[in-house]
Amino acid sequence: MITAGIDCGAKNTKTVILKDGKIIGKGIVLTGFDQAQAVKESFEMALKDAGISQADLAHVGGTGSGAKSITEADVKVNDIKAMAAAAHYFFPNARTVADVGAEESRAAKCDEQGGVVDFAINDKCAAGAGAFMEAMSRALETPLEQIGPLALTSNNAIPINAQCTIFAESEVVGLIHAQTEKKDISKAIHDAMAGRIVSMIRRIGVNPDIVMIGGVAYNPGFVTALQRELGVDKVYIPDKPEFASAAGAAVVAATEGR
Amino acid sequence: MAEEKEQEFWRWEETNWVNPDIKWQNGEFVTLGIDVGSVSSQAVIMVDGQFYAYGNMRTGSDSPDSARNALAFALEKTDLPEDKIHYCIGTGYGRVNVPMADRSVTEIACHARGANFIYGPHVRTVLDVGGQDIKAIRCDDKGKVINFLMNDKCAAGTGRGMEVFADLLSVPIGEVGERSFRIDREPMAVSSTCVVYAKSEATGLLRKGLSTNEVLAAYCSAMADRIYSLLARVGVEPEFAITGGMAKNRGVIDRLKKKVGLEPMKTKWDTQLAGAAGAALFGHALCKKGKGKGK
């Protein structure tokens, strides 16, 4: 059976094509302001990548904050269900999964079958989301891809007191004025954000194996800070973590589609 | 540092003033209150508990320097030498870093005391909308705090949030209030929780074709929502007064007063001065008790 999963997120829209449990095609585009158009483009990109046509699909699962714009989907998959299914798909021993997206972060506790036992969401405050990192990268004048590796070169623990992204920006500017080294500020930023995510994960319990998905998983500085804050040796990250929720939606579409 | 923009839209006017009717030489006690806030700093000099001079300016990256600068700015138009000041109280976010202070008092106590002086003893609810926090304070007829609630964790509803918006929309901050009413129809409020999200929403609204003024209105009303939720939790009792820089922004205040159902009290004084005025008054009270002499 071939299914597709489409995840229309705040920043990017992703599509994954799944054939008998294997990923055979992927597509990603910026969501922008026209969600339906982004969905269409990423969907077509993935179909082309897989070398199939829409008629070959048994079912299409839709998820993400823009799920309502996915007219192609016949199975609506809620965000939490998609992330738990994704974690289980990539790592069958996953019991805790954290998804740090552009404007939202979520944590889910899952069972042996990848079903959701409990979850927590932050969609009210940018401090625990990718938007925080983007703002900090601007304040530090260091590209997003570089602030993570930069943080890894520091051994100094300096605190960022502000919780709010807007206040943290001023605080970082203050640290720069005080001649604090960029690598130390960068580490402080990652520690602060990891602290926010960990406090959310603690609400549902820290149960290994822990899986992280979403684009922020590309940031090694953040993953290291997360491991340290959680007190675990390893946080499991799938290949192409930004596609994970779309893959989860495709998995759910295969089992629930009728 | 980011390169300087050609125009800094968030920048508000710094002011200083001296009371021509008062000669400090004739007074018994000259007291100073310095409020070092996260965004603005004020120095208020009182002679026997009356406004003599003040300076109101932006806080720099260093609290002691900000305190010194605010004092120098307040003294600029006077002939008062600094060593003739009998007592100084520091308040605000940077109150422990006011080098010339004899002691410090919390900004909650100072704002209540200052509002009691600026608006008169009838004030029972004081809303202070500052640079990086909002405080809703209930007080008695002496300006003593009965209860208060504060948000200092989140930029939503604070002056800093408004500065971010002024910059985003390239509208000088002093014009925001006026322009937010130059619209045909009141738009829906943007996100009242996170300023970062409100910013992306605002960009989306601009692309949808809303005018800058309409987007300003959408943000002013989100600010009013946010401030109101704090105020509602502490309970509003008449008379109701607003202090801090936001009191000068009609766009937020007029929308807020509709929700509260009360007309805020009016004053001829700069609303940003309340904290420093309260501090100077505490200093005066201490001097009268004989604790401030000998300096």
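Throughout this description, residue numbers start from 1 for each chain and increase along the sequence as written. Following the order in which they are written, the chains are lettered starting with A and the ligands numbered starting with 1. Selection of residues for local features in this predicted model requires a pLDDT of at least 70, selection of side-chain atom pairs for listing and counting requires 80 or more, and totals for whole chains, interfaces and linings are taken over all residues.

Engineer: What exactly am I supposed to notice about the overall build of chain A here?
Structural biologist: Of the regular secondary structure elements, chain A holds eight helices and 10 strands. As defined in this context, the radius of gyration uses C-alpha atoms, and a globule is described by 2.2 Å times the residue total to the power 0.38. Relative to the 2.2 N^0.38 estimate, which gives 18 Å for 258 residues, the radius of gyration of chain A is 18 Å and therefore close to what a compact globule would have. The principal-axis extent of the C-alpha atoms belonging to chain A is close to 60 × 35 × 30 Å. Exposure classification rests on a simple neighbour count of other C-beta atoms within 10 Å of a residue's own: a residue reaching 20 or more is buried, one at 12 or fewer is exposed, and one in between is partly exposed. C-beta atoms are placed from the backbone. For chain A, the residues scored as buried account for 53% of the 258 residues in total. Here, residues touch in the contact sense if the C-beta positions derived from the backbone fall within 7 Å of one another. In chain A, the proportion of contacts linking residues at least 24 apart, taken out of those at least 6 apart, comes to 69%. Labels follow the DSSP assignment, with helices taken as runs of H or I lasting at least four residues and strands as runs of E lasting at least two, numbered in each case from the N terminus.

Engineer: Please explain the interface of chain B and chain A as it appears in this structure.
Structural biologist: Interfaces are often sized by the amount of accessible area the parts lose when they come together. Counting residues at the interface gives 16 residues for chain B, matched by 15 residues for chain A. Elements with a contribution of two residues or more to the side of chain B that touches chain A: α3 (159–169) and α5 (195–208) of chain B. A per-element tally of the side of chain B that touches chain A places α5 of chain B first, with five residues. Its residues assigned to classes, the side of chain B that touches chain A comprises eight nonpolar, five polar and three charged. Amino acid classes used here: Ala, Val, Leu, Ile, Met, Phe, Trp, Tyr, Cys and Pro are nonpolar; Asp, Glu, Lys and Arg are charged; the rest, including Gly, are polar.

Engineer: Hey, could you run me through helix α7 (residues 250–260) of chain B in this one?
Structural biologist: At 3.6 residues per turn, the α-helix brings residues three or four places apart onto the same side. G251, V252, I253, R255 and L256 of chain B are the residues of α7 of chain B that are buried. Where α7 of chain B is buried, its residues contact α4 (176–179), α6 (212–234) and β10 (240–243) of chain B.

Engineer: Teacher, can you tell me more about the confidence of the model for chain B here?
Structural biologist: Should the pLDDT be low somewhere, the predicted coordinates at that spot are not to be read in detail. All names here are of chain B. Scored between 0 and 100, pLDDT is the confidence that the predictor attaches to each residue. The pLDDT averaged across chain B works out to 91; a share of 96% of its residues lies at or above 70. In this model, residues 1–5 is a region of pLDDT below 50 whose contacts with residues beyond four sequence positions or in other chains number one contact. Two summary scores accompany this predicted model of the complex, namely pTM at 0.84 and ipTM at 0.83.

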